[in-house]
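Structural overview for review
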Amino acid sequence: MTALGVDIGGTSVKVAAHDAGGAWRTATSDRYASPSPDTVRSAIQQGVASLDLADHAPATVGLCLPGVLDDRGERVAYAANLPELGGLEVRRLLPDALGAGPVRVFADALCAGVGVWLGEPVSGRLLTLAMGAGVGACLLESGRPATLDGRGAGHVGQLDVSLSDHAPIGPDGGRGSLEAYVGAPALVARFGDKLSGALASLDGQDPVLRALARAIRICHAIYTPDHIRLCGGVGAMLAPSAPALRSLVEQDLTLVSRERWSLACVDDLHLGAKGAAHLGAQPAGD
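Residues numbered from 1 in each chain as written. Predicted model: local features only at pLDDT ≥ 70, side-chain atom pairs only at ≥ 80, totals over all residues. Heavy atoms only, no water.

1. So, the sheet that holds strand 3 (residues 24-28)
Taking strand neighbours across the sheet as the criterion, the five strands line up as 3-2-1-4-7 in an open arrangement whose pairing is mixed. Every other strand in the sheet has two partners, leaving strand 3 and strand 7 (103-107) as the edge strands with one partner each. Each strand of the sheet is rotated relative to its neighbour by a mean of 20 degrees, with strand direction disregarded. Judged from the five bridges that link them, strand 2 (residues 13-18) and strand 3 form a sheet pairing that is antiparallel. Within the sheet, the bridge partner assigned to histidine 18 lies in strand 3 and is tryptophan 24. (Pairing = 2+ DSSP bridges. Helix = DSSP H or I, 4+ residues; strand = E, 2+ residues; numbered from the N terminus. Axes fitted to C-alpha atoms, helices over the stretch in contact; angles between N-to-C directions.)

Have a look at this one:
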């Protein structure tokens, strides 16, 4: 049985297929900006075609979406980084070839978190921060999702981590939000095409690390994780700055935090698609 995962991101669509033998195939569509629903649909079709699944038609499809879904999980209620998808019925995004079989929809942060755990099945409580156009959180207890409201671990990207009275405003309209400091649009506006090198050489005084450290300290108080993993395009680029980030987090960190917590960055841009494929293949209700 082949399980297909489709990850609709802020700049491209990523897909992953997992076959009965345990092998993964992955692909990425061409990049886009402020895409229309038709553009996203074409990107999904392009990505799936690149997997060459002619002899391995997917038995299940997991679809992960950015933003907030309605209560029935059928429409995109709000997507700050993909505004043209707001109000859209989810199935309208799928090419006809994928619309016929069972399709299950999941939040993008959840899929990324499950993707991290598939690659590193740690025990205890795992908190992942998926950092790209936005910032999403996933909390797993020994690989199983733990939620605050039945949907996810909360909107960590909208945490107010203001570093001054003149803090920037994030895409959701919130002043001082984490995404206003570390979301990809804010970083590109600041660093331009030198983003990777800039994030690799940040010091402890830089607003990017200071804002992210403040958010992680809050997460320690709320979730008390054993492990924290940064993923997504931005999270992967922060790997060289992880030691400086950890030092900031540890300075007078609350005593309710776990004594031996770990921090690492995960460099795999198909985590969300892999997580979606895995979740889509699970029996409903699991």
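2. Let's talk about the environment of glycine 73
Considering the arrangement of structural elements, one finds glycine 73 in the loop between strand 5 (68-69) and strand 6 (76-78). A residue is classified by how much of its surface remains accessible, and glycine 73, at 24% relative accessible area, is partly exposed. Measuring from C-alpha to C-alpha, the distance between glycine 73 and valine 90 comes to 8.3 Å, with 17 residues separating the pair along the chain. (Buried < 20%, exposed > 50% of the residue type's maximum accessible area, 1.4 Å probe, protein only.)

3. Focus: the packing of aromatic side chains
Inspection of every chain in the model, using the stated rule, returns zero aromatic pairs. Positioned over the ring face of tryptophan 261 is arginine 246, at 3.9 Å from the centre of the ring. Here lysine 274 stacks its cationic end above the ring of tryptophan 24, 5.7 Å away from the centre of that ring. (Phe/Tyr/Trp six-rings, centres within 6.5 Å; stacked < 30°, edge-to-face > 60°. Lys NZ or Arg CZ within 6 Å of the ring centre and 35° of its normal.)

4. Description of helix 9 (residues 242-250)
Here helix 9 has its buried residues at Ala242, Leu245, Leu248 and Val249. All buried residues of helix 9 fall inside an arc of 120 degrees around its axis, so they share one side. Along its buried surface, helix 9 packs onto helix 7 (207-223), strand 11 (227-231) and strand 12 (262-265). Aspartate 252 lies just past helix 9 and shows a positive phi near 55 degrees. (Arc of directions from axis to C-beta. Contact = heavy atoms within 4.5 Å.)

5. Examining helix 10 (residues 271-280)
Within helix 10, nine of the 10 residues are buried, which leaves it mostly tucked inside the rest of the structure. Turning to helix 10, its buried residues number three or more, namely Leu271, Gly272, Ala273, Lys274, Gly275, Ala276, Ala277, Leu279 and Gly280.

6. What to know about the sheet that holds strand 9 (residues 135-141)
In space, the five strands of this open sheet follow the order 10-9-8-11-12, with mixed pairing throughout. Looking at the sheet topology across the chains shown, the edges are occupied by strand 10 (144-146) and strand 12. Across the sheet, the mean angle from the axis of one strand to that of its neighbour is 30 degrees, orientation sign disregarded. Bridge count between strand 8 (residues 125-131) and strand 11: five bridges; the pairing is parallel. Across the sheet, residue leucine 129 finds its bridge partner in strand 11, namely leucine 230. Against the sheet, helix 3 (residues 108-119) makes contact with strand 8, strand 9, strand 10 and strand 11, and its axis sits at roughly 50 degrees relative to strand 9, the strand it touches most. Against the sheet, helix 7 engages strand 8, strand 9 and strand 11, with an angle of about 150 degrees to strand 8.

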